[in-house]
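Observations on the model geometry
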Amino acid sequence: MMTVPISVPVIFGFLGGLGMQEMMIVAVLAVLLFGKNLPGVARSLGRSYSDFKKGLSDIQSEFHSATKEVEDTVNDRGYSSKSSSSSSYDDYDDYAEATAPKFEPPPAEPHKSENG
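Residues numbered from 1 in each chain as written. Predicted model: local features only at pLDDT ≥ 70, side-chain atom pairs only at ≥ 80, totals over all residues. Heavy atoms only, no water.

Secondary structure assignment for the protein yields two helices and zero strands. Of all 116 residues assigned to the protein, the portion counted as buried reaches 0%. Total accessible area on the protein stands at roughly 12000 Å², and carbon and sulfur atoms take up 60% of it. (Helix = DSSP H or I, 4+ residues; strand = E, 2+ residues; numbered from the N terminus. Buried < 20%, exposed > 50% of the residue type's maximum accessible area, 1.4 Å probe, protein only. Areas by Shrake-Rupley, 256 points an atom, 1.4 Å probe, with all protein chains shown as cover.)

Before going further, it helps to examine the environment of E22. Take E22: it is sitting in helix α1 (residues 20-34). Of the residues examined, E22 reaches a relative accessible area of 37% and is grouped as partly exposed. Side-chain polar atoms of E22 contact the backbone nitrogen of G19, separated by 2.9 Å. (Polar contact = N/O pair within 3.5 Å; in protein donor to acceptor, adjacent residues only side chain to side chain.)

The next point concerns the pattern of salt bridges. Side chains that differ in charge, positive against negative, can pair when their charged atoms come close. Within this structure, the stated rule accounts for one salt bridge. In this structure, the salt-bridge partner of D72 is K68, at a minimum N-O distance of 3.7 Å. One end of the pair, D72, and the other, K68, are both in helix α2 (residues 38-76), four residues apart, so they sit about a helical turn from each other. (Salt bridge = Lys/Arg side-chain N within 4 Å of Asp/Glu carboxyl O.)

What follows is about the environment of L38. Looking at the element boundaries, L38 is found in helix α2. With sequence-adjacent residues up to four places away left out, L38 is seen in contact with A30 and V31. (Contact = heavy atoms within 4.5 Å.)

Across its 15 residues, α1 extends 21 Å between first and last C-alpha, which sits within 8% of the 21 Å expected from 1.5 Å per residue. One or two steps after α1, the chain reaches G35, where phi turns positive at roughly 55 degrees. (Expected span 1.5 Å × (residues − 1).)

Another aspect to go through is a nonpolar patch on the surface. Judged by side-chain polarity, I25, V28, L29 and L32 come together as a nonpolar surface patch covering roughly 410 Å² of accessible area. Within the fold, I25 resides in helix α1. (Patch = residues over 30% accessible without salt bridge, like charges linked within 9 Å, V, L, I, M, F, W, Y side chains within 5 Å.)

Written as structure tokens, this is what we have:
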């Protein structure tokens, strides 16, 4: 008979390989270590987790707003954010045609006359 694994909440995702016996050992150790302070510790962990999620959400929203701002700037300048096959390179005047400097031979040295 095949057993279905118990799904672990996302908060305990890093403990993915722990079974019920291991979780019981962790619970007993938590009670032994923290005793009467266990509710306060759990509350503190909950607040920390909540603050972390809020900070992560703020960072994500800031990233999305910055991305949106860049997209708006690019769109305002007339560039398309999507590549299209109909665009041509004739629209870009920024590049000058490549040229090489002209070769100029060095000036000839005056020849001394033998009479002199």
